[in-house]
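Inside the fold
These are the residues of each chain, in order.
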Amino acid sequence: MTHDAGIGGFALTRMAPAKINLALHVVGLREDGYHLLDSLVTFADAGDRIGFSISDPDRFTISGRFARDLPAAEDASADSNLVLKARDLLRAHLSETGIPTGPVHLHLEKNLPVSSGIGGGSADAAAALLGLMDLWQAPVAADSLLDIALKLGADVPMCLKGKPLVARGIGEDIELLPAFPSFPMLIVNPLKAVSTPVIFRMLTSKTNPALVMPEAGIEQDGWMFALNGMRNDLEPPAQSLEPTISAVSDALGRAGSAFVRMSGSGASCFGLFATGRLRDTAADMLSRQNPDWYVLACNSIGGKETDDGRN
């Protein structure tokens, strides 16, 4: 998770990068109803942003292209916004240990579409936890932080890492991939919201083959080949529910993407490109041909990138 120099007037800011499921295998179902997943995940070098400052009293404000798709700041609560739920859970944990947690102003710049399969809410929650730990100068033990993250959602632990990884179980079993390459990437969403619970209910099989990782040491081209042997088990039901997803995938392929797949439960799809020039050309073309779609030209985060975002 990288610091971000963006939003002016705040003591610190953090980026909440888009999370991309390069592969997502549904491999089982627990008795409590949670699905067991094997997921190969990377992150974009773009996303939402959160600003943090000491304030009296607590404040929450929202801006950005997709701010209108969230409850208005004056109506937001921990039940409706994961940034506020993260604040409240972290504050409750720290209060038990006697660490002061004064009132804060949190500002969410919502740049990613909501309910779009790229982990926007989970990334926001993770960024809120990390930013508040910095602001309050209150580090949290790894096991306690994981417990808080899982209360916020199964994707939040991996968003705390913000680097290429494999996540198993319900998202708590994480293996970082330090040798994973960076890719020029397009994220395209037709701005059709898709319900994750509905997609999971539509699955015809919930015990599918596990993710098989390639041998260590392969390069970018090797990963492109390996990805073709993986799946997103949520893509067929999502395409059935929202046929526009197929149109997005087809358009990315025609635009020159070397690899295309849906991310998460949709409706966002991503395309990986051989070069940044090919990606930018495709972004221009898709934006012209489909002005109602969300098109984000970015790079995926490489496994060797440091916490401040530099190689």
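See the structure printed just above.
Considerations on the overall build of the chain
Counting its secondary structure elements, the chain contains nine helices and ten strands. A globule of 311 residues ought to have a C-alpha radius of gyration of about 19 Å, and the chain, at 19 Å, matches this closely. Considering only C-alpha atoms, the chain reaches an extent of 55 × 45 × 40 Å along its principal axes. The proportion of buried residues among the 311 residues of the chain is 54%. If you take every contact in the chain between residues at least 6 apart in sequence, the share linking residues at least 24 apart comes to 75%. A total of about 13400 Å² of accessible surface is found on the chain, and carbon and sulfur atoms cover 51% of it. Charge separation in the chain, taken as the distance between the mean sites of 26 positive and 36 negative side-chain charges, equals 3 Å.

Details of helix H8 (residues 244-254)
Among the residues of H8, those classed as buried are Ile-245, Val-248, Ser-249, Ala-251 and Leu-252. Taken around the axis of H8, the buried residues stretch over an arc of 165°, which confines them to a single face. Packed against the buried residues of H8 are strand E7 (184-189), helix H7 (235-241), strand E8 (259-262), strand E9 (269-272) and helix H9 (276-289). Positioned one or two residues after H8, Gly-256 has a phi angle of 105°, which is positive.

Observations concerning the layout of surface pockets
Of the pockets and cavities examined, the largest pocket occupies roughly 1100 Å³. Looking at the largest pocket, it is lined by 44 residues, and the ones nearest its centre are Gly-119, Ser-122, Asp-155, Thr-196 and Ser-265. Those elements that provide at least two residues to the lining of the largest pocket are strand E1 (12-29), strand E2 (35-54), helix H1 (82-96), helix H2 (120-135), strand E5 (165-169) and helix H5 (196-202). Here the lining of the largest pocket takes four residues from H2, the largest share from any one element. A breakdown of the residues in the lining of the largest pocket according to their chemical character gives 19 nonpolar, 19 polar and six charged.

Regarding the sheet that holds strand E10 (residues 294-299)
Reading across the sheet, the four strands line up as E8-E9-E7-E10 and stay open at both edges, with antiparallel pairing between neighbours. Edge positions in the open sheet fall to E8 and E10, since each of these has one partner strand only. Pairs of neighbouring strands in the sheet enclose a mean axial angle of 20°, with direction left out of account. Here E7 pairs with E10 via six bridges, running antiparallel.

Some thoughts on the packing of aromatic side chains
Within the structure shown, the criterion is met by four aromatic pairs. With a centroid separation of 5.6 Å and 70° between ring planes, the pair formed by Phe-66 and Tyr-294 is classed as edge-to-face. Here Tyr-294 lies in strand E10 and Phe-66 lies in the loop between strand E3 (59-63) and H1, a separation of 228 residues in the sequence. Residues Phe-66 and Tyr-294 agree in their burial class; the two are buried. An angle of 65° between the planes, with centres 6.0 Å apart, marks the rings of Phe-180 and Phe-183 as edge-to-face. The buried category is assigned to Phe-180, whose relative accessible area is 4%. Three or more aromatic residues joined by ring pairs form one cluster here, namely Phe-180, Phe-183 and Trp-223.

Overview of the environment of Val-188
In this fold, Val-188 is placed in strand E7. Accessibility expressed as a relative area gives 0% for Val-188, which makes it buried. Taking the C-alpha atoms as reference points, Val-188 and Asp-58, separated by 130 residues in sequence, lie 35 Å from one another. Discounting residues that sit within four places of it in the chain, Val-188 has contacts with Val-248, Leu-252, Ala-267, Ser-268, Cys-269, Leu-286, Trp-293, Tyr-294 and Val-295.

Describing unusual backbone geometry
The residue after Asp-56, namely Pro-57, is reached through a cis peptide bond having omega 5°. Mapping Pro-57 onto the fold places it in the loop between E2 and E3. Of note, the amide linkage connecting Gly-266 to Ala-267 takes the cis form, showing an omega dihedral of 10°. Here Ala-267 lies in the loop between E8 and E9. A positive phi angle, near 50°, is found at Gln-137, a position not held by glycine. Counting through the fold element by element, Gln-137 comes out in the loop between H2 and helix H3 (142-152). Relative accessible area serves as the criterion here: at 70%, Gln-137 is assigned to the exposed category.

The rules behind the values
- Residues numbered from 1 in each chain as written.
- Predicted model: local features only at pLDDT ≥ 70, side-chain atom pairs only at ≥ 80, totals over all residues.
- Heavy atoms only, no water.
- Helix = DSSP H or I, 4+ residues; strand = E, 2+ residues; numbered from the N terminus.
- Rg over C-alpha atoms; globule rule 2.2 N^0.38 Å.
- Buried < 20%, exposed > 50% of the residue type's maximum accessible area, 1.4 Å probe, protein only.
- Contact = heavy atoms within 4.5 Å.
- Areas by Shrake-Rupley, 256 points an atom, 1.4 Å probe, with all protein chains shown as cover.
- Lys, Arg positive; Asp, Glu negative; His and termini not counted.
- Charge placed at Lys NZ, Arg CZ, Asp CG, Glu CD.
- Arc of directions from axis to C-beta.
- 1 Å grid on protein atoms, 1.4 Å probe; cavity = no way out; pocket = protein on both sides within 12 Å on 5 of 7 lines; lining within 4 Å.
- Points joined across faces, edges and corners; volume = space filled by probe spheres on them.
- Nonpolar A, V, L, I, M, F, W, Y, C, P; charged D, E, K, R; others polar.
- Pairing = 2+ DSSP bridges.
- Axes fitted to C-alpha atoms, helices over the stretch in contact; angles between N-to-C directions.
- Phe/Tyr/Trp six-rings, centres within 6.5 Å; stacked < 30°, edge-to-face > 60°.

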